[in-house]
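Take a look at the letters that make up each chain.
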Amino acid sequence: MAQMIDVPHHGVQYCFSEKAYDQRMAAPDFRTLRYFVAVAEERSVGKAARRLNMAQPPLSVHIKNLEAAVGTPLFRRAARGMEITDAGNALFQRAKEALLLANEGFDAARAIGSGSRGRLTVGTMVVLSYLVLPRLENVLRAKLPDVEIQYVELNAVNNVSAITDSQVSVAICIPPVAQAGIAVERIGTQPLMLAVHADSPLARMSSIPLERLSGTPLIGLPMPEGDVDKSVVASMLRRHDVSMPIAQRVETMVSALALVLAGKGVAILPACARIGRPPGVVFRPFRNVDAKMDIAACWRSDWESPLIEPFLACARASLRQAA
């Protein structure tokens, strides 16, 4: 609605037209919010672009367009990276909440406060599926009958991004994820065993002295956070002064078993990998070596949900039954 206002000034009459402002900036879409959150968490457009699997220039354009739409800088560009402003931090906190709500579903989000309803997306690694899922599914359905439960297959390479990008609510990982921003709860263990081709002389032994493996080619799994010295297997070999050359690294334990079957080397894997072993591969325990790999539930540490505690109880119960 327009309103005419006369303002006298030194004999000159000014006329202003006052109009109510009834238009608001369109809210950014969830893709833009996801891009913004990635840059805010990585403090770098380049690192965020790699995490999002996109090129850096279009991501920069998205951030500049968002700043223009908001009407204030969200980052300070510095030599050491992108420093978030107070305005950016305010948007960051709310954007994370919005993305979590969107991924979990608006209807589920309204009901999830009680812990009796909602959606739980569970990520699990292939090597754990036969060990955990049959029992976990039954226990979860009994404990959370009105919760929508979905399962997503993960591996040692994509489990971190699946958790941090809220593709899963919680993941069951072996070994546990070690990264800032991810909560970890140990829910069980698996002893380490040697996977070897059935035709190998090692297969004729009831248990394997670790020193017997010195010089034997090893099919290795991904290095934790790029540091092989942090792995359980490397630590065990180092403690016993055993050196095994890495024949090849693979992303999954299933791939490791396939290469053992192909005669490319041996693999040191948790005992649960026996369940899905192919014919021609056998597992043998180590002699006088008590080495285990932890199984853990992992989720975003900023995701507060009443579904986490009942899930942990169900997961622990499932692994106790499997022991």
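Note: the structure precedes this text.
Residues numbered from 1 in each chain as written. Predicted model: local features only at pLDDT ≥ 70, side-chain atom pairs only at ≥ 80, totals over all residues. Heavy atoms only, no water.

Q: Would you mind going over the overall build of the protein chain with me for this structure?
A: Helix and strand counts for the protein chain stand at ten helices and 13 strands. Taken over 323 residues, the protein chain has a buried fraction of 43%. Contacts in the protein chain between residues far apart in sequence, at least 24 positions, make up 71% of those at least 6 positions apart. About 17,600 Å² of surface is accessible on the protein chain, with carbon and sulfur atoms providing 51% of the total. (Helix = DSSP H or I, 4+ residues; strand = E, 2+ residues; numbered from the N terminus. Buried < 20%, exposed > 50% of the residue type's maximum accessible area, 1.4 Å probe, protein only. Contact = heavy atoms within 4.5 Å. Areas by Shrake-Rupley, 256 points an atom, 1.4 Å probe, with all protein chains shown as cover.)

Q: Got a minute to help me understand the layout of surface pockets in this structure?
A: A probe matching the size of a water molecule, rolled over the atoms, marks out where space remains unfilled. Of the volumes computed, that of the second largest pocket is approximately 390 Å³. If you trace the second largest pocket, you find 15 residues lining it, with E41, E42, R51, T164 and Q179 closest to the centre. Among the elements of the structure, α1 (30-42), α2 (45-52) and α7 (159-164) are those that each provide at least two residues to the lining of the second largest pocket. Grouping the amino acids of the lining of the second largest pocket by side-chain chemistry returns two nonpolar, six polar and seven charged. (1 Å grid on protein atoms, 1.4 Å probe; cavity = no way out; pocket = protein on both sides within 12 Å on 5 of 7 lines; lining within 4 Å. Points joined across faces, edges and corners; volume = space filled by probe spheres on them. Nonpolar A, V, L, I, M, F, W, Y, C, P; charged D, E, K, R; others polar.)

Q: Whenever I open this one, the pairing of strand β4 (residues 81-84) confuses me. Can you help?
A: The side chains of a regular strand alternate between the sheet's two faces. The pairing of strand β3 (residues 75-78) with β4 spans four bridges and is classified as antiparallel. By the bridge assignment, R76 is partnered in β4 with E83. Linking β3 back to β4 in an antiparallel pair, the connection comprises two residues. (Pairing = 2+ DSSP bridges.)

Q: Where do I start with the nonpolar core in this structure?
A: Proteins that are soluble and globular tend to have nonpolar side chains buried together. Ranked by size, the top nonpolar core spans 78 residues in total, and within it I268, L269, F286 and F311 carry the most contacts. Broken down by element, the residue count for this core peaks at eight residues, all from strand β8 (residues 182-197). When sequence neighbours within four positions are dropped, the list of residues in contact with I268 reads L192, M193, L194, L218, V233, M236, L237, M244 and F286. Among the nonpolar cores identified, the runner-up in size contains 21 residues, and A40, V45, A48 and I84 belong to it. (Core = buried A, V, L, I, M, F, W, Y, C linked by side-chain atoms within 4.5 Å.)

Q: Would you take a moment to explain the packing of aromatic side chains for this structure?
A: Using the criterion set out here, one finds one aromatic pair in the structure. Ring centres 5.6 Å apart and planes at 55° place the aromatic pair F36 and F75 in the tilted group. One end of the pair, F36, is in helix α1; the other, F75, is in strand β3, with 39 residues separating them in the sequence. Relative accessible area serves as the criterion here: at 0%, F36 is assigned to the buried category. (Phe/Tyr/Trp six-rings, centres within 6.5 Å; stacked < 30°, edge-to-face > 60°.)

Q: Help me understand the side chain of T85, please; the structure alone is not making it clear to me.
A: Of note, T85 is situated in the loop between β4 and α4 (86-104). A residue is classified by how much of its surface remains accessible, and T85, at 10% relative accessible area, is buried. Separated by 2.9 Å, the side chain of T85 and the backbone oxygen of P73 make a polar contact. In contact with T85, not counting residues within four places along its chain, are P73, L74, F75 and R76. (Polar contact = N/O pair within 3.5 Å; in protein donor to acceptor, adjacent residues only side chain to side chain.)

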